[in-house]
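Okay, here's what each chain looks like letter by letter:
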Amino acid sequence: MSPFNLTSSTPATFILTGIPGMEQLHVWISIPFCSMYLAALLGNGVLLFTIWTERSLHQPMYLFLSMLAIADLTLSTTAVPKMLALFWFGAREISFGACLTQMFFLHFTCSAESVILLAMALDRFVAICFPLRYGAVLTPSAVAKIGLVALLRSFCIIFPCIFLLRRLPFCGHNVIAHTYCEHIGIARLACADISVNVWYGLVVPFSVALLDLVLIAVSYGFILLALSRLPSRSARHKAFHTCGSHVCVLFLFYVPAAFTALTQRFGRNIAPEVHILLANLYVLCPPLLNPIVYGVRTQQIRDKVVKVFVCPKSPLL
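Note that this is a predicted model, so its numbers are computed, not measured.

What counts as what
- Residues numbered from 1 in each chain as written.
- Predicted model: local features only at pLDDT ≥ 70, side-chain atom pairs only at ≥ 80, totals over all residues.
- Heavy atoms only, no water.
- Helix = DSSP H or I, 4+ residues; strand = E, 2+ residues; numbered from the N terminus.
- Polar contact = N/O pair within 3.5 Å; in protein donor to acceptor, adjacent residues only side chain to side chain.
- Contact = heavy atoms within 4.5 Å.
- Pairing = 2+ DSSP bridges.
- Core = buried A, V, L, I, M, F, W, Y, C linked by side-chain atoms within 4.5 Å.
- Buried < 20%, exposed > 50% of the residue type's maximum accessible area, 1.4 Å probe, protein only.
- Patch = residues over 30% accessible without salt bridge, like charges linked within 9 Å, V, L, I, M, F, W, Y side chains within 5 Å.
- Areas by Shrake-Rupley, 256 points an atom, 1.4 Å probe, with all protein chains shown as cover.
- Salt bridge = Lys/Arg side-chain N within 4 Å of Asp/Glu carboxyl O.
- Expected span 1.5 Å × (residues − 1).
- Axes fitted to C-alpha atoms, helices over the stretch in contact; angles between N-to-C directions.
- Parallel < 35°, antiparallel > 145°, perpendicular 65-115°, else oblique.
- Nonpolar A, V, L, I, M, F, W, Y, C, P; charged D, E, K, R; others polar.

Tracing the backbone through its elements, the reader meets S154 in helix α6 (residues 140-166). Side-chain polar atoms of S154 contact the backbone nitrogen of A112, separated by 3.0 Å. Excluding its chain neighbours within four sequence positions, the residues that come into contact with S154 are F108, S111 and A112.

Set out below in structure tokens:
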């Protein structure tokens, strides 16, 4: 077969197998997955509605939190509905274009979340270290520009993956041992050298995420230094409490992401079903737990949720 014919041999559809070796349990596995997805929709929806309707929450910290909620909803909705259709109805087929689209939005959203988490760390850094300049630095225009940077940077990082996949010949291989499409899972079906895909998918996103983590660590280093100098114990406790929520969210995002990416590429001794279960939990747990962490640990959000949903203002008679 000529090189031209090889490069044009892209399959019309891919077949998603679900969780290998656990096909008989797909319906049972779908029950907690569906419950977690619905809870994530509810939690992030309540958070977004509360921030949108309460003008007192139209501050940079809560605007970044709303960006995080939108990213979480996008992440879970990109993967979970197709996953549930596979579990419930055996809908295994996904077109080549739809598979690339799903792959793009999954990785795009993860990259955008990293920028949002960095922005939230910088928000706390300015609020604690330079409180008098907070309003001048984090203006609505600055918040909007940060959101735009998150979108543009993520697009520039992930969009090349589409071209890296489209250049590959697949030679009839179209069975993906997963519940959704992701970059390396698709590339491994190719009947050609995928070293460029492997190295790009590992080095570029990891380098960018590592840079974000370094900047977050530096921000929190200055934050801890500033907190140690606060004379008021109550002020220190309040600041630690607010930052603690953000640290919890950082662990929920970066630890599973790093573990999933590394085990996929280097975890030869890890059973495929374990890896796929962890990958599924990655698109479910952060969207589920992030609004809970902020809702439980942030007094202002708790109060506003109660005000909006539990004790609405009585209409004038």
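The pairing of strand β1 (residues 13-16) with strand β2 (residues 93-95) spans 3 bridges and is antiparallel. Paired with I15 across the two strands is E93, which belongs to β2. Bridge analysis of β1 against strand β3 (residues 175-176) gives 2 bridges, and the strand direction is parallel. Each bridged residue has a counterpart across the sheet, and for L16 the counterpart in β3 is I176.

Turning our eyes to something else, we now look at unusual backbone geometry. The backbone of C171 sits at a positive phi, close to 55°, despite the residue not being glycine. Within the secondary structure, C171 is located in the loop between α6 and β3.

In terms of nonpolar packing, the biggest core is built from 85 residues, with F14, L65, I186 and V283 touching the most fellow members. Looking at which element gives the most residues to this core, the answer is helix α4 (residues 96-129), with 17 residues. The contacts of V283, once residues within four sequence positions are left out, are L75, S76, A79, V80, M83, L106 and Y180.

The next subject is a nonpolar patch on the surface. Nonpolar side chains collect at one region of the surface, where L210, L213, V214, V218, F222 and L225 lie side by side and expose about 510 Å² of accessible area between them. Within the secondary structure, L213 is located in helix α8 (residues 195-228). Residue classification places L213 among the partly exposed residues on the basis of a relative accessible area of 34%.

On to helix α2 (residues 26-53). Taking 1.5 Å as the rise per residue, α2 with 28 residues should run 40 Å; its terminal C-alpha atoms sit 40 Å apart, in good agreement. Residues of α2 that are buried include every one of H26, I29, S30, F33, C34, M36, Y37, A40, N44, L47, T50 and I51, and no others.

This paragraph deals with the packing of helix α11 (residues 285-297) against helix α12 (residues 299-310). Two elements in contact, α11 and α12, have axes whose closest approach is 5 Å; the angle formed by their N-to-C orientations is 95°. Considering the angle they form, α11 stands roughly perpendicular to α12. Of the residues in α12, those touching α11 at Y294, G295, V296 and R297 are Q299, I301 and R302. Partitioning the contact of α11 with α12 into residue classes produces 3 nonpolar, 2 polar and 2 charged.

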